[in-house]
Structure formats: structure tokens, C-alpha cells
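# Per-entry structural report
Single-letter residue listing:
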Amino acid sequence: MRHALLLLLLIFVIPGFSAENRYDLCRIYVLNHSDYNYTEFKKKIAFSKRYRGRYYRVFPFKKLKFAEYYLKENENLHTISSKLGISVDSIASSSGIDFFYAVKQGRKLIIPNFQGIIYKTRKGCSLRYLSRKYGSRIKDIQRFNNFYGTWLSAGRWLFIPGAIMSPLEQALFYGTAFSNPLRSSSISSAFGIRKDPKTGRMAFHGGIDMPAPYNTPVYSAHDGVVEFTGWAGGYGRLIVISHAFGFKTFYGHLRRINVKKGMKISMGKIIGRVGSSGYSTGPHLHFEIRRYRKKLDPKRYTTLKHRRSQRVVF
Ligand SMILES: [Zn+2]
């Protein structure tokens, strides 16, 4: 079920794509004009911006090339993007990065000399579909990929010239996709190390606590599939929803659960009611966002503001 959802959404994530094996690869060492490859790439990228879905016959064809670059201190994808004049989408896609904040110093980036994204084909995917979805001409897709057939096999890597991420992909990429699980937005206990309200000892808090009266409706923070419902130790009555790109949201201490495992849920749907079940000192929602098991600070990935109230609840 989870895989079905992932397939429904465009598979933008491309671990396993290796520019080295398929294309010319050079290296950019520094981001200034003392570096020949930097200058060359900047020129080609500027040229590629004239692409408006009609490369073929309009411009002389420039061969697709990639450069590797290792991210330095105080740099992120935006730095590289603005220096080279290429979209973050293009760099992230070619480098197999599907989450903006996962990029750290020393990370190898693969930068194309043309704006566009890498796409992994799946069963039933046609050139016509890709052309319509991304606004690139079929002939251009063929030419950029040295591919002149019409039938696409599944699992093939393609460079789509001029393409950018869809709004959904962008929202997930930047982690801003999640909406508030409650109508109110007060937070009584933040994410991170804090004093346990019951034992008084310091402990890691993997989510945020949002106080609300009993039976306040709880809304799904994004489209997804219900992965778990039921009692889970300290969480009490818990709902876990899995989303695209490895994201999961957790809703704990519920009084009532209105969904069943395997159900498809859209963002903003009522999934349960606030309670105080499990390890809790009063009615509130414990809300967690995880990505590949790593717990993330929900405040950073939603539009929630942090207003600390006096009472600490678990
Ligand atoms: Zn909590």
C-alpha cells in the first residue's frame, strides 16, 4: 500500500542514478572564474535558460555534461544555485537529493550544464506523458539522452531538459508540505531535550505537544496512507500515517481513532480526537514527523508557530 502511494506520486528521488557512468563528468573545485569548469558551466547554464520547451531546431545542440562539486563550509544548495545560475531542482535531482536539509558540508553534488531534472521511468511511462508533464519536446528528451526509440522500459534514467519539480515535490523537498494537525497552534512542549514532566529528568522529546480540550478534532497533516492505528505504549492511542518521500506523521495520546489501517487519507481530513491516553498528564496531541525513522522538528516542517504555554504535558 505504501509502495503504491509512492508510485502514484512522481518518483523524483533517484538514489542509484550515477552521472559518472552515463555522461562526461568533470569537477568544479572553486566557485569563481579562476576555475575553468565553473566558467564553462555558468555559460552553458545561462544558455540553457533560453530553453522554453523547444530546443530542437531552435538552438545548436549542446552536449549534456555533469560536474561534481563538494559542498564547502557555510554553503548549501541555494548558494550553489545562485552562483552557477542553475535551479536547486536541477542540482538536487542530478545529485539524488530528495530533501533540502539533508545536505551537509562535504556532500558531493552532481551539477548538469543544462537546467532540467532526472526522471526514473516506471511501467507504462511514455515519452508523450513526460513531454506533456514537463513541457519538453519528445525530440529533445530523446536527443539529450541519446535515445531514439519510442518505447521506454521501466527503471530507465532520463534527463528532462527544462523541467522543474512539481509544487508537491517542492513542498516535500523543503519539508513545508505539512499542515497543522489541530486548528489551534499553541505548543506546550517543543522538540528536543527537555525535562520529563513526570520524572523531572532530562529526556529527548521526539515531537511537539499541542494542548487542546478532550475531543478536539485532529487533522491529517498531509495526504498519505494509514500505517498504524491502536495502542502503542507511552503514545497511548496512536495513528501513524505514511507519506511520500519517506515521511511519516505520528498522532499520539488520542481519545478516539476514526481511521483504519490501509486507508488513504487526504490532507486536512479528521482522523481522530484529542485525548490523554498513554504517558500523559492532560489532554493534548503529541505530533511527530519522521523521515526514514529520523525524528524531525515539526515546527520546521509545518507552518506552526511556537508559543510556549506554562503547563508542560507529555
Ligand atoms: Zn509529547
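Residues numbered from 1 in each chain as written. Predicted model: local features only at pLDDT ≥ 70, side-chain atom pairs only at ≥ 80, totals over all residues.

Of regular secondary structure, the chain possesses 9 helices and 16 strands. Within the chain, the proportion of its 314 residues that are buried is 36%. Restricting the contact set of the chain to residue pairs at least 6 apart, pairs at least 24 apart contribute 70%. (Helix = DSSP H or I, 4+ residues; strand = E, 2+ residues; numbered from the N terminus. Buried ≥ 20, exposed ≤ 12 C-beta atoms within 10 Å, placed from the backbone. Contact = placed C-beta atoms within 7 Å.)

Looking now at the environment of S179. Structurally, S179 can be placed in the loop between α8 (167–173) and β6 (192–195). For S179, a count of 14 C-beta atoms within 10 Å translates into the label partly exposed. Separated by 123 residues in the primary sequence, S179 and T302 have C-alpha atoms spaced 5.6 Å apart. Leave out the neighbours within four places in its chain, and S179 touches A221, H222, M267, G268 and T302.

On to helix α3 (residues 36–48), then. Within an α-helix, residues lying three or four positions from one another point in the same direction, as the helix has 3.6 residues per turn. Between the first and last C-alpha of α3 there are 18 Å, a value that for 13 residues agrees with the 18 Å anticipated at 1.5 Å per step. Within α3 the residues assigned to the buried category are Y38, F41 and S48. Seen end-on, α3 carries its buried residues on one side only, within an arc spanning 90°. For α3, the secondary structure elements touched by its buried residues are β2 (65–70), α4 (77–84) and β3 (108–112). (Expected span 1.5 Å × (residues − 1). Arc of directions from axis to C-beta.)

For the rest of this paragraph, the subject is the pairing of β3. For a regular strand, the rule is simple: side chains alternate between the two faces of the sheet. Where burial is concerned, most of β3 is hidden: 4 out of the 5 residues are buried. Summarising the sheet, β2 and β3 pair through 5 bridges and their orientation is antiparallel. Considered in β3, the bridge of F66 is made with P112. (Pairing = 2+ DSSP bridges.)

Across the chain, the average pLDDT comes to 84, with 86% of residues at 70 or higher. Here residues 1–16 is a poorly scored stretch, pLDDT under 50, and it has 27 contacts once near neighbours within four places are set aside; other chains count. Below pLDDT 50 for its whole length, residues 305–314 participates in 32 contacts with residues either more than four positions away or in separate chains. (pLDDT = per-residue confidence, 0-100.)

What follows covers the sheet that holds strand β1 (residues 24–27). One open sheet accounts for 3 strands, arranged β1-β2-β3; its pairing is mixed. The two strands at the open ends of the sheet, each matched to only one other strand, are β1 and β3. With strand direction ignored, the average angle separating the axes of adjacent strands in the sheet is 30°. Bridge analysis of β1 against β2 gives 4 bridges, and the strand direction is parallel. Residue pairing for β2: R27 is matched across the bridge by E68. (Axes fitted to C-alpha atoms, helices over the stretch in contact; angles between N-to-C directions.)

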